[in-house]
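# Close look at the chain arrangement
So you can see what is in the structure, the chains are spelled out below.
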Amino acid sequence: MPASFETLGKKPRPTDDPPFTLKDLKAAIPSHCFERSTLKSFSYVAWDVSLAWLMYLCTGYFDHPYLPTWAGYVLWPLYWICQGCVCTGIWVLAHECGHYAFSDSKTVNDITGLALHTALLVPYHSWRISHAKHHRSTNDMDHDEVFVPSTKAELDAERVGALSLVGTIVNLLKLTLLGWPGYLLFHVSGRKYHTHTDHFNPNSPIFSEKEYKDVVISDLALVVWIGFLGYMSYLHSVTWLVKVYVIPYLIVNFWLIFITDLQHSDAAVPHYRGKEWKWLKGALCTIDRDYGVLNHVFHHIGDTHIAHHLFSYMPHYHAVEATKHLKKALGEYYYKDDTSIFKAFWLTQKYCRYVDNVGDILWYKHD
């Protein structure tokens, strides 16, 4: 059972305590990178929402009788892909609100985040709370809230050829199609609790009593939005709703799982438990990757993720500049994987399958 980084010829990330502190890293970044501008943040929302709305308006002409019959077979898939990418950018902006990186005003953050995330069928406050726990315990095997790897015993208990080629493909399809709703509804890949856990029950063990009201608000917002979508499907047709909303929504879910998996899964990155885990070591167990032109569409959530985990309250529009300074300050503790993203995603599914439940520094392994 070799460690996956050995098979892939990767150098494992440092596991020693870093020779710097978070204060040292912050001092290496220009102070203006931590300044939030509500107006500038809303300019990104305005751009993304306007682009999404314009693309939606264009769909009214895709099946026009003056167009050749084959045009719809080209225009609809193009719309689905582009709309899915733009709406992923909107998702990222709502994510900024959840970190209070969007504005200095908590009220502005919460109202904006609730509106944007609800439109993408995300329970804003519920996710905000669980995501904050992920940031507090990144790569802690016992306390992280998401992307907690299976142990060898857990994988053996559920697998039928899970590590085979077919098993890898099946796992990839399950992850991209069902991963996000599975996480929201059943806390799949999240921290192990002793009872059913989800993001909609305010009594779920994820939440405290003081967070009860916020979870209910998120649920009610979703009920209203789903009712609106149902009414629109009644006015236009279910087929119309699937074509203009559901398929782009599924593409958003695909990108969400794809991006977050690549941010936190890599053969060279360890998980910790017990005394070996420290907040700074965990925060550095993230990976920057290059998405090409999509870096801009996704507001740099993929290529500046280390900066984001170190300073989650930093606005995305300063993260690229901050990352340039962090690279120098972090030295060997900075990790960017230059493998093409789709190849990297395949490799994570194939080689990042489980960890041995032995010791306090755990590496991905494979059979």
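Below: a short report on this structure. Quick caveat, the model's predicted, so the values are computed rather than measured. Numbers given for residues are sequential positions, taken from 1 along each chain in its written order. In view of the model being predicted, local features appear only for residues whose pLDDT reaches at least 70, and side-chain atom pairs are presented and counted only at 80 or more, with totals across whole chains, interfaces and linings using the full set of residues. Excluding hydrogens and water, the side-chain figures rest on all heavy atoms present in the structure.

### What about the overall build of the protein chain?
Counting its regular elements, the protein chain contains 15 helices and four strands. Our radius of gyration is a C-alpha quantity, and the globule rule it is checked against amounts to 2.2 Å times the number of residues to the power 0.38. Relative to the compact-globule value of 21 Å for 367 residues, the protein chain shows a C-alpha radius of gyration of 21 Å, a close match. The principal-axis extents of the C-alpha atoms in the protein chain amount to approximately 65 × 50 × 45 Å. Relative to its 367 residues, the protein chain shows a buried fraction of 53%. Residue pairs at least 24 apart in sequence account for 72% of intrachain contacts in the protein chain once pairs closer than 6 positions are excluded. All tallies of charge rest on Lys and Arg as positive and Asp and Glu as negative; His and the ends of each chain are not included. Where a charge sits is defined by one atom per residue type, namely NZ (Lys), CZ (Arg), CG (Asp) or CD (Glu). Positive and negative side-chain charges in the protein chain, numbering 32 and 35 respectively, have mean positions lying 2 Å apart. Secondary structure elements follow DSSP: runs of H or I of four or more residues count as helices, runs of E of two or more count as strands, with numbering from the N terminus. Think of it in three bands: with a 1.4 Å probe and only protein chains considered, a residue is buried below 20% of the maximum accessible area for its type, exposed above 50%, and partly exposed in between. Only heavy atoms matter for contacts: two residues are in contact if any of them lie within 4.5 Å across the pair.

### A few points about a nonpolar patch on the surface
Residues forming no salt bridge and having over 30% relative accessible area are the ones grouped into patches, like charges within 9 Å of each other and nonpolar side chains (Val, Leu, Ile, Met, Phe, Trp, Tyr) within 5 Å. Using a 1.4 Å probe, the Shrake-Rupley method yields the accessible areas, and only the shown protein chains count as cover for residues. In what follows, salt bridge is the name for a side-chain nitrogen of Lys or Arg lying within 4 Å of a carboxyl oxygen of Asp or Glu. A surface patch of nonpolar side chains, amounting to about 500 Å² of accessible area, comprises Leu-165, Ile-169, Leu-173, Leu-177 and Leu-178. Note on placement: Leu-165 falls in helix 8 (residues 165–186).

### A few points about the nonpolar core
In this structure, Trp-91, Trp-180, Trp-255, Tyr-291 and Phe-298 are the most contacted members of the largest nonpolar core, which totals 54 residues. For this core, the secondary structure elements donating two or more residues are helix 3 (38–58), helix 4 (71–98), helix 5 (106–119), helix 6 (124–136), helix 8, helix 9 (212–236), helix 10 (238–264) and helix 15 (341–351). Setting aside chain neighbours within four positions, we find Tyr-291 in contact with Trp-255, Phe-258, Ile-259, Leu-262, Phe-298, Gly-302 and Ile-341. If you look at the next biggest cluster of nonpolar residues, it comprises 18 residues, including Leu-280, Ala-307, Ala-322 and Tyr-334. Put simply, buried Ala, Val, Leu, Ile, Met, Phe, Trp, Tyr and Cys residues joined by side-chain atoms within 4.5 Å make one nonpolar core.

### What about the environment of His-64?
Mapped onto the elements, His-64 comes out in the loop between helix 3 and helix 4. Definition of a polar contact: a pair of N or O atoms within 3.5 Å, with one able to donate and the other able to accept a hydrogen when the atoms are protein atoms, and with sequence-neighbouring residues admitted only if both atoms are side-chain atoms. One polar contact links the side chain of His-64 to the main-chain amide nitrogen of Tyr-66, over a distance of 3.0 Å.

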